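# Chains, contacts and geometry: an overview
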Amino acid sequence: MAMNILICGAGTIARELLKQLGGEWSVTLIDRSREVLEQAAALCPDVRERYAEDGSSPVVLEQAGLKNHQYVLAMTGSDPVNLAVCRFAREKGVPYVTALVHEPENAPGFQELGVHVVMTGTLTARNLYHYLQDPRVHVSHLIGGKGNIYEVNAAEHFRVVGKRAAYFQRSTLRLAGIFRHGRLVFPHPTTVIQADDRLVLLGDTDIFTSVCSLLECASPHFPLAYGPSMLVVLPGEAEDVRAVLREVVFLGQNTRVRKVTLLCGTDRCAVDQSLAGWPQEVDVEVRSSGDSVMDQARSFVRQGGCGLLLMPPVQSSLFAALSSATYTGLAHDLGCPVLIARRTVPYEKILVPFKNTPNAQLALEVAFDLTRQLGAELAVMVVEEPGFLSGERDGKFMEAAMARVREMAHVHKIAVREITATGNPVRAIVEETAMHDLVVIGSTNRDRGLISPNVGEHLARKAECSTLIVTA
């Protein structure tokens, strides 16, 4: 899914940036000079629109579809023009705005708008390029040479976690240090990379793509981050079985699942016809479990390698053993995501309730991954409780939560529809699930209580679409 970027000013720095942009961008250019525009457009096949106009004009920016762009770069040779572009972009709600600032004394005016400021100089194009690619990777350019120092967190879903430091001993790249628990470690070749390590990499100026390739920044990780197989608990009725299998086949065709085990509560499972469109590279195993279906499910998951447990809503007598438990409790017990299948495939619209907690951020990371794999649309919902319940009355909670959502959307280069509401979170989110196909919930607490009810559990039970529960 291409991200829309509008660049005002097609001068030298903009042209250098255009040479480096890849196919994930859809570019609109504005510059007074038609000749300069043509020169810049020739450097990048992703330039879709160009306007030989004054970029500081609100009329021109409206014609260029400013409000439909996720990124705006003000890159003219005039600070007043760049400031006017940034101010109008902010008024239109553009989430990511960057400006070249030529005179240091003009920087505060841009900073008051919350604009990412880049002071002009020989390193400007490289700074912009790395900022647009992934702000998690901090790059320090070594002046006077062709070297860069890269810093990046080894997130849990990066497959580099668990590898030895020698993995980074490449002809153009070295792992120079690791910040671990606040301390600098100089690694030996046998040092094992751990989750949340801050890696310090030394390389030349042209290896940003190689660094991200080694870290697999953009590779799909769900459900592989948890395990390569999917366990499916099938209901007893043949019609219900077919409905659940439609969701199973959809996931098998669109994610990186490598093996599926179907767990039946009866001796016979009519699955052959439903699996006619199953990907050949995915292994399918059918097991009969009798009446102990959930016990066998737990045993299977605890043996390891299960990345997802898919099951229908708990209704029939087949799941009587689970009646006193909870969906979120099951997810916490298994250490494996749980998907409650409610027949809402294909997952074209994904919803994430967001409260800026670590598990909510994990749910959003999973949703970004699924959005990319499925080609879906993603919406994030922030619900602020009334002040007498939450103690928050000034809107700072909602503002901070949405700021974090935008930062994560920037990292993943995925457009997000923002939904805000005030009131009862469960009621508001459940109503919104009726307009979506999948809701992804990050569960923080496995227990329920009368005073502090588990919001995630209520959502899992009441949602009107399929529900994915993820835990850390």
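Bear in mind that the values here come from a model prediction, so they are computed numbers and not experimental data. (Residues numbered from 1 in each chain as written. Predicted model: local features only at pLDDT ≥ 70, side-chain atom pairs only at ≥ 80, totals over all residues. Heavy atoms only, no water.)

### What about the pattern of salt bridges?
Here is the rule: By definition here, a salt bridge exists when the distance from a side-chain nitrogen of Lys or Arg to a carboxyl oxygen of Asp or Glu is within 4 Å.
According to the stated counting rule, one finds 13 salt bridges in the structure shown. Each of the salt bridges in this network shares a partner with another, and the network as a whole consists of Lys259, Glu285 and Arg287.

### What to know about the pairing of strand 1 (residues 3-8)
The following threshold applies: Residue exposure (1.4 Å probe, protein chains only): buried if accessible area is under 20% of the type maximum, exposed if over 50%, otherwise partly exposed. By the criteria applied, helices consist of DSSP H or I runs no shorter than four residues and strands consist of E runs no shorter than two, each listed in order from the N terminus. Strand pairing is defined by DSSP finding a minimum of two bridges between the two strands. When the strands point away from the viewer and the path from the first strand over the helix to the second turns clockwise, the crossover is right-handed.
The buried count for strand 1 comes to 5 of 6 residues, which makes it a mostly enclosed element. Where strand 1 meets strand 2 (residues 25-30), 6 bridges bridge the pair, whose relative direction is parallel. The residue of strand 2 that forms the bridge with Leu6 is Thr28. For the crossover from strand 1 across helix 1 (residues 12-20) to strand 2, the handedness is right-handed. For strand 1 and strand 4 (residues 71-74), the ladder comprises 4 bridges, and the chain directions are parallel. Residue Ile5 lies in a different strand from strand 4, and its bridge partner there is Tyr71.

### Some remarks on the sheet that holds strand 21 (residues 466-470)
Basically, it comes down to this: Lines are fitted to the C-alpha atoms to define the axes, a helix being fitted only along its stretch in contact, and any angle between axes, read from their N-to-C directions, falls within 0 to 180 degrees. Here, two residues are considered to be in contact whenever any of their heavy atoms come within 4.5 Å of each other.
Pairing within the open sheet is mixed, and its 10 strands lie in the order 14-13-12-15-16-21-20-17-18-19. Of all the strands in the sheet, the pair left with one neighbour each is strand 14 (283-288) and strand 19 (416-422). Pairwise comparison of adjacent strand axes, ignoring direction, gives a mean angle of 20° for this sheet. Note: strand 15 (residues 306-311) against strand 16 (residues 338-340), 3 bridges, orientation parallel. Note on strand 16: the bridge partner recorded for Met311 is Ile340. Lying on the sheet, helix 10 (residues 327-334) is in contact with strand 15, strand 16 and strand 21; it crosses strand 15 at an angle near 155°.

### A closer look at unusual backbone geometry
Note the cis peptide between Val345 and Pro346, where omega equals 0°. Relative to the helices and strands, Pro346 resides in the loop between strand 16 and strand 17 (349-353). Non-glycine residue His181 carries a positive phi angle of around 55°. Along the chain, His181 turns up in the loop between strand 9 (173-180) and strand 10 (183-185).

### Some points on the environment of Leu132
Mapped onto the elements, Leu132 comes out in helix 6 (residues 124-133). Leu132 sits in the buried class, given a relative accessible area of 1%. It is 9.0 Å that separates the C-alpha atoms of Leu132 and Tyr71, two residues lying 61 residues apart in sequence. Leu132 has contacts with Ile5, Leu17, Leu21, Trp25, Tyr71, Leu73, His410 and Lys413, leaving out every residue within four places of it along the chain.

### Let's talk about the confidence of the model for the protein chain
In plain terms, the rule: As a per-residue measure, pLDDT tells how confident the predictor is, with possible values from 0 to 100.
Model confidence for the protein chain is summarised by a mean pLDDT of 82, while 79% of its residues fall at 70 or above. Strand 17 holds the highest mean pLDDT among the elements of the protein chain, 97, whereas helix 12 (residues 387-390) holds the lowest, 54. Below a pLDDT of 50 lies the segment residues 316-325, which in the model reaches 17 contacts outside its immediate sequence neighbourhood of four places, other chains included. In this model, residues 447-452 is a region of pLDDT below 50 whose contacts with residues beyond four sequence positions or in other chains number 5 contacts.

### What about helix 11 (residues 358-374)?
What counts is decided by this rule: Working rule for helices: expected span equals 1.5 Å times residues minus one.
In this model, helix 11 (17 residues) spans 24 Å end to end at C-alpha, consistent with the 24 Å of a helix rising 1.5 Å per residue. Across the 17 residues of helix 11, 12 count as buried, placing the element largely inside the fold. Taken together, the buried positions of helix 11 are Asn359, Ala360, Ala363, Leu364, Val366, Ala367, Phe368, Asp369, Leu370, Thr371, Gln373 and Leu374. Backbone geometry just after helix 11 places Gly375 at a positive phi near 65°.

### A word on the packing of aromatic side chains
Keep this limit in mind: When the centres of two rings from Phe, Tyr and Trp lie within 6.5 Å, Trp using its six-membered ring, the rings pair. Their planes under 30 degrees apart give stacked, over 60 give edge-to-face, and anything left gives tilted. Consider the ring centre and the ring normal. A charge sits over the ring if Lys NZ or Arg CZ is within 6 Å of that centre and within 35 degrees of that normal.
The full count for this structure, using the stated rule, is 5 aromatic pairs. Aromatic side chains Phe222 and Tyr226 sit 6.2 Å apart centroid to centroid with 75° between the ring planes, which places their arrangement in the edge-to-face category. On the basis of relative accessibility, which here comes to 4%, the residue Phe222 falls in the buried class. When its relative accessible area of 26% is taken as the criterion, Tyr226 is described as partly exposed. Note that Lys163 overlies the ring of Tyr167, its terminal NZ or CZ placed 5.0 Å from the centroid.

### What to know about the sheet that holds strand 6 (residues 116-119)
Pairing in this open sheet of 6 strands is parallel, and the strands run 3-2-1-4-5-6 from one edge to the other. The open sheet is flanked by strand 3 (47-51) and strand 6, the only strands paired with a single partner. Averaged over all pairs of adjacent strands, the angle between their axes in this sheet comes to 15°, without regard to strand direction. Sheet topology places strand 4 next to strand 5 (residues 96-101); 4 bridges connect them, and they run parallel. Looking at strand 5, one finds that Tyr71 is bridged to Tyr96. Seen against the sheet, helix 2 (residues 34-41) touches strand 2 and strand 3 and runs at an angle of roughly 170° to strand 3.

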